[in-house]
Amino acid sequence: MFDTIGFFYATGAIHQGATKGEILMKTTRNKRLTTLVTLSMLGAISFVLMLFNFPLPFLPPFLKVDFSDIPALVAGIVFSPLAGVVVVALKNVLYYVFNGGGVPVGEVANFFAGVAFMYPVAWFYHKRKTNKALASGLVAGTITMALSLAILNYLLILPAYAFFFGMTEMAQPAVKTDLVLYGILPFNLIKALLISALFVPLFLKLKPWIERQRMQLQA
């Protein structure tokens, strides 16, 4: 009799454990699906924002400001810095397809600029999760993007434009130096300041929602 009771008890325990395991697996799948859908949506929004770009009147006209990095910042803060990278990549892939292909020099430059700005912001915020951490991240992101894009343009991007699009003057050291110092460097500083000025009030308004999303993902 006790053996029979023990058998049924053990069977029930195994069944209960399997059920808990199935629930855990289902919950994990749901979280992954939610993350995938959210990142896809943010990538699409980022792509649309990328279309609404505008030049600054006192800088070269091919340097255009847009606010497409804001959805990537949201993804990086809600999920992780890597999630922000996914959004930056997705918007540039969509933009490349929208433009009909070709040599994606501009898209590659935009990807590196977006990651250089977004990643420090998300990294700093995840370390402390405070407004001060966000401010530190925005400062770090601004400096990182401005300096890294100055170097990247001088060494790779401007020579790529010269090679693939016949803009031979962009391969000349004097032209590259002038473009970087008086065009690209101030452009990225101003762009980062504009994005930060728009993102900070948006973040403060969305902070309760962002915290709820983070708590749900961690549950």
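Note that the coordinates shown come from a computational prediction; the quantities given were computed from them, not determined experimentally. (Residues numbered from 1 in each chain as written. Predicted model: local features only at pLDDT ≥ 70, side-chain atom pairs only at ≥ 80, totals over all residues. Heavy atoms only, no water.)

## What about the overall build of the chain?
The helix and strand inventory of the chain stands at six helices and two strands. Secondary structure elements of the chain, listed N to C terminal, follow the sequence α-β-β-α-α-α-α-α. When contacts within the chain are restricted to residue pairs at least 6 apart in sequence, long-range pairs at least 24 apart make up 68% of them. Carbon and sulfur atoms form 73% of the exposed surface of the chain, whose accessible area is close to 12600 Å². (Helix = DSSP H or I, 4+ residues; strand = E, 2+ residues; numbered from the N terminus. Contact = heavy atoms within 4.5 Å. Areas by Shrake-Rupley, 256 points an atom, 1.4 Å probe, with all protein chains shown as cover.)

## Some words on the nonpolar core
One finds L73, I77, F117, L134, M145, F199 and F203 to be the most contacted residues of the largest nonpolar core, which totals 36 residues. Of all the elements in the fold, those that place two or more residues in this core are helix 1 (2–51), helix 2 (69–78), helix 3 (81–98), helix 4 (105–128), helix 5 (131–165) and helix 6 (173–218). For this core, the element with the highest residue contribution is helix 4, accounting for ten residues. Apart from residues no more than four positions distant in its own chain, F203 is found in contact with I77, Y125, N131, L134 and I210. The next biggest cluster of nonpolar side chains, apart from the first, holds twelve residues, and it includes L56, L59, L63 and M170. (Core = buried A, V, L, I, M, F, W, Y, C linked by side-chain atoms within 4.5 Å. Buried < 20%, exposed > 50% of the residue type's maximum accessible area, 1.4 Å probe, protein only.)

## As for the UniProt feature "transmembrane region" (unreviewed entry) in the chain
The sites that UniProt annotates as "transmembrane region" (unreviewed entry) are residues 33–52, 73–96, 108–126, 138–164 and 184–204. Helix makes up 100% of residues 108–126 and strand 0%. Its end C-alpha atoms lie 26 Å apart. Along residues 184–204, the helical share is 100% and the strand share 0%, with 30 Å between the first and last C-alpha atoms. (UniProt positions renumbered as here; feature names shortened; annotations may be inferred.)

## Description of a nonpolar patch on the surface
On the surface, V103, F163, F164, F165 and M167 cluster together into a nonpolar patch covering about 490 Å² of accessible area. Considering the arrangement of structural elements, one finds F164 in helix 5. (Patch = residues over 30% accessible without salt bridge, like charges linked within 9 Å, V, L, I, M, F, W, Y side chains within 5 Å. Salt bridge = Lys/Arg side-chain N within 4 Å of Asp/Glu carboxyl O.)

## Considerations on the packing of helix 2 against helix 3
Each pair of packed helices gets described by two things: the angle between the helix axes and the distance between those axes. Contact pair helix 2 / helix 3: the axes reach a minimum separation of 7 Å and the direction vectors enclose 155°. Put simply, helix 2 runs roughly antiparallel to helix 3. For the pair helix 2 and helix 3, the crossing hand works out as right-handed. From helix 2, D69, P71, A72, A75 and G76 reach across to helix 3, where they touch P81, A83, G84, V87, V88 and K91. Here the residues of the contact of helix 2 with helix 3 are counted per class, giving seven nonpolar, two polar and two charged. (Axes fitted to C-alpha atoms, helices over the stretch in contact; angles between N-to-C directions. Parallel < 35°, antiparallel > 145°, perpendicular 65-115°, else oblique. Left-handed = near helix turned anticlockwise from the far one by under 90°. Nonpolar A, V, L, I, M, F, W, Y, C, P; charged D, E, K, R; others polar.)

## A closer look at helix 3
Helical geometry: 3.6 residues make up each α-helical turn, so side chains three or four residues apart lie on a common side. Between its terminal C-alpha atoms helix 3 stretches 26 Å, which fits the 26 Å expected from 18 residues at 1.5 Å a residue. All buried positions along helix 3 are accounted for by P81, A83, G84, V85, V87, V88, K91, N92 and Y95. Looking one or two residues past helix 3, G100 carries a phi angle of roughly 85°, positive in sign. (Expected span 1.5 Å × (residues − 1).)

## Focus: the environment of E107
Within the secondary structure layout, E107 lies in helix 4. The exposure class assigned to E107 is buried, which follows from its relative accessible area of 12%.

## Observations regarding the side chain of K191
Tracing the sequence through the fold places K191 in helix 6. Buried within the structure, K191 lacks any salt-bridge partner; its nearest side chain of opposite charge belongs to D69, at an N-O separation of 4.0 Å. Setting aside residues no more than four positions away along its own chain, K191 makes contact with V65, D66, D69 and N110. (Lys, Arg positive; Asp, Glu negative; His and termini not counted.)

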